[in-house]
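Below, each chain spelled out in residue letters.
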Amino acid sequence: TSGNDSRSGSLDQPPTDRSRAFFGAWVTVEHEDGAERTYRLVGPDEFDVARGLISVEAPLGRALLGKREGDTTIVQRPVGAVELTVVLVSWTPPEE
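Residues numbered from 1 in each chain as written. Predicted model: local features only at pLDDT ≥ 70, side-chain atom pairs only at ≥ 80, totals over all residues. Heavy atoms only, no water.

(A) Layout of the overall build of the chain. Regarding its fold elements, the chain presents 1 helix and 5 strands. Listing each helix as α and each strand as β along the chain from the N terminus yields β-β-β-α-β-β. Across the 96 residues in the chain, those meeting the buried criterion constitute 36%. Pairs at least 24 residues apart make up 39% of the contacts formed inside the chain by residues separated by at least 6 positions. (Helix = DSSP H or I, 4+ residues; strand = E, 2+ residues; numbered from the N terminus. Buried < 20%, exposed > 50% of the residue type's maximum accessible area, 1.4 Å probe, protein only. Contact = heavy atoms within 4.5 Å.)

(B) Spotlight on the pairing of strand S1 (residues 26-30). Most of S1 sits out of view: 4 of its 5 residues are buried. Summarising the sheet, S1 and strand S2 (residues 36-42) pair through 5 bridges and their orientation is antiparallel. Bridge pairing in S2 places valine 27 opposite tyrosine 39. Linking S1 to S2, which pair antiparallel, is a turn of 5 residues; within it glycine 34 sits at a positive phi near 95 degrees. (Pairing = 2+ DSSP bridges.)

(C) Spotlight on the nonpolar core. Membership of the largest hydrophobic core comes to 18 residues, with the highest contact counts inside it found for Val27, Val29, Leu60 and Leu64. Looking at this core, the elements with two or more residues in it are S1, S2, helix H1 (59-64) and strand S5 (80-90). Looking at which element gives the most residues to this core, the answer is S5, with 4 residues. Once residues lying within four places of it in the same chain are set aside, the contact partners of leucine 60 are Tyr39, Ile54, Val75 and Leu84. (Core = buried A, V, L, I, M, F, W, Y, C linked by side-chain atoms within 4.5 Å.)

(D) Up close: the sheet that holds strand S3 (residues 53-55). Strand order in the open sheet formed by 5 strands is S3-S2-S1-S5-S4, with mixed pairing between adjacent strands. With one partner strand each, in any of the chains shown, S3 and strand S4 (72-77) form the two edges of the open sheet. Across the sheet, the mean angle separating the axes of adjacent strands is 45 degrees when strand polarity is ignored. (Axes fitted to C-alpha atoms, helices over the stretch in contact; angles between N-to-C directions.)

What follows is the structure, encoded as structure tokens:
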């Protein structure tokens, strides 16, 4: 993705409130079973669930937008609702 996407802002310029999850952020969440997973919030044309790229328009993406570390959110999924806790919001890629 280039930094010239005028529809949703630039991935190269994080928002001033870097403690909240917005477009372009990496968000690590803890599932109800204790498992952690990191997702990146991307545009609808960039999503790739296998790579952890979640559209901001998908239910999970919408649920994470604006959240901070320690926030919990409920995500409605086809198999039922799941509660997630935000563990980390980052503006740099996670270490592999």
